[in-house]
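Remarks on the overall topology
This is what each chain is made of:
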Amino acid sequence: AGLMICNLYLPNGNPVTSEKLTYKLKWMDCLYSYTKSLVNLGKPAIILGDFNVIPHDIDCKSPAKWIDDALYHPEVRSKFFKILNLGYYDAIRLKTASKEVFTQWDYQGGAWQKNDGVRIDHLLLNPQAADLLISCGIDKYLRSSDKPSDHVPVWIKFTDQE
């Protein structure tokens, strides 16, 4: 019984011409093995955190800007989809197909003011957790606070399991 929560920070992987990308890809292979063991755990499980992965074009304002970045690298995205294909659900995308649903805006270049953000913080649910999902969201307004983080909180609400 109970909800299993796995919070993570997946390495950034930049620059892509360095060993940092190789490290990120190996890290994702380990994550795949771990998530494989949780998908059919028999109880709700959520994998959440800063994945440093932009899964789809709609998850960034300017896809062309990210072509040479580890966050949007084809191998990184492929490994992310491989995890989803185990049977995980992207909670935010279960609740919206809208564009410009972002969780992070760089401090430079007026990214916040231009809403030039990315969605790299994710809530992945195994089937049992997806069955309990009521709502989820992104508290974008916190990015306009004094001295904010470049990321905003992502939250989820489940029905009572009892």
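Residues numbered from 1 in each chain as written. Predicted model: local features only at pLDDT ≥ 70, side-chain atom pairs only at ≥ 80, totals over all residues. Heavy atoms only, no water.

Our next topic: the overall build of the protein. Summing up its helical and strand segments, the protein has five helices and six strands in all. Along the protein, helices (α) and strands (β) appear in the sequence β-α-β-α-β-α-α-β-α-β-β when read from the amino end. In the protein, 72% of the contacts between residues at least 6 apart in sequence involve partners at least 24 apart. Of the accessible surface of the protein, which amounts to about 8,500 Å², a share of 52% is contributed by carbon and sulfur atoms. Charged side chains of the protein number 19 positive and 19 negative; the gap between the two group centres comes to 2 Å. (Helix = DSSP H or I, 4+ residues; strand = E, 2+ residues; numbered from the N terminus. Contact = heavy atoms within 4.5 Å. Areas by Shrake-Rupley, 256 points an atom, 1.4 Å probe, with all protein chains shown as cover. Lys, Arg positive; Asp, Glu negative; His and termini not counted. Charge placed at Lys NZ, Arg CZ, Asp CG, Glu CD.)

It is worth spelling out the packing of aromatic side chains at this point. Under the definition given, this model contains four aromatic pairs. Between Phe-51 and Phe-80, the ring centres sit 5.7 Å apart and the planes meet at 85 degrees, which makes this aromatic pair edge-to-face. Highlighted residues: Phe-51 in the loop between β2 (45-50) and α2 (74-84) and Phe-80 in helix α2, separated in sequence by 29 residues. In terms of burial, Phe-51 and Phe-80 fall into one category: buried. (Phe/Tyr/Trp six-rings, centres within 6.5 Å; stacked < 30°, edge-to-face > 60°. Buried < 20%, exposed > 50% of the residue type's maximum accessible area, 1.4 Å probe, protein only.)

Let us now look at the packing of helix α1 (residues 19-39) against α2. Relative to each other, α1 and α2 sit at 5 degrees, their axes nearing to 10 Å. Between α1 and α2, the angle is such that the two are roughly parallel. Along the contact surface, α1 presents Leu-21, Lys-24, Leu-25, Met-28, Asp-29, Leu-31, Tyr-32 and Thr-35, while α2 presents Glu-75, Val-76, Lys-79, Phe-80, Lys-82 and Ile-83. A breakdown of the residues in the contact of α1 with α2 according to their chemical character gives eight nonpolar, one polar and five charged. (Axes fitted to C-alpha atoms, helices over the stretch in contact; angles between N-to-C directions. Parallel < 35°, antiparallel > 145°, perpendicular 65-115°, else oblique. Nonpolar A, V, L, I, M, F, W, Y, C, P; charged D, E, K, R; others polar.)

Turning to the state of the cysteines, a few remarks are in order. Applying the stated criterion across every chain, the model contains zero disulfides. With no disulfide of its own, Cys-6 has Cys-30 as its nearest cysteine by sulfur position, at a separation of 13 Å. Given the relative accessible area of 16%, Cys-6 is considered buried. (Disulfide = S-S within 2.5 Å.)

On to the environment of Pro-127, then. Residue position: Pro-127 is located in helix α5 (residues 127-132). On the accessibility criterion, Pro-127 (26% relative accessible area) is partly exposed. Taking C-alpha positions, Pro-127 is 27 Å from His-151, a pair spaced 24 residues apart along the chain. Not counting the four nearest positions on each side in its chain, Pro-127 is found in contact with Val-39, Gly-87 and Tyr-89.

With the rule as written, the count across this model stands at five salt bridges. Arg-119 is the salt-bridge partner of Asp-59, the closest N and O atoms lying 2.9 Å from each other. A residue pair is termed long-range when its members are at least 10 positions apart, and Asp-59 in the loop between β2 and α2 and Arg-119 in the loop between α4 (111-114) and β4 (121-125) qualify at 60 residues. For the pair formed by Asp-59 and Arg-119, the shared burial category is buried. When the shortest N-O distance is used, the salt bridge between Lys-65 and Asp-116 registers 2.7 Å. A residue pair is termed long-range when its members are at least 10 positions apart, and Lys-65 in the loop between β2 and α2 and Asp-116 in the loop between α4 and β4 qualify at 51 residues. Judged by relative accessible area, which is 48%, Lys-65 ranks as partly exposed. A single network of salt bridges, built from pairs that share partners, joins Asp-59, Asp-90, Arg-93 and Arg-119. (Salt bridge = Lys/Arg side-chain N within 4 Å of Asp/Glu carboxyl O.)

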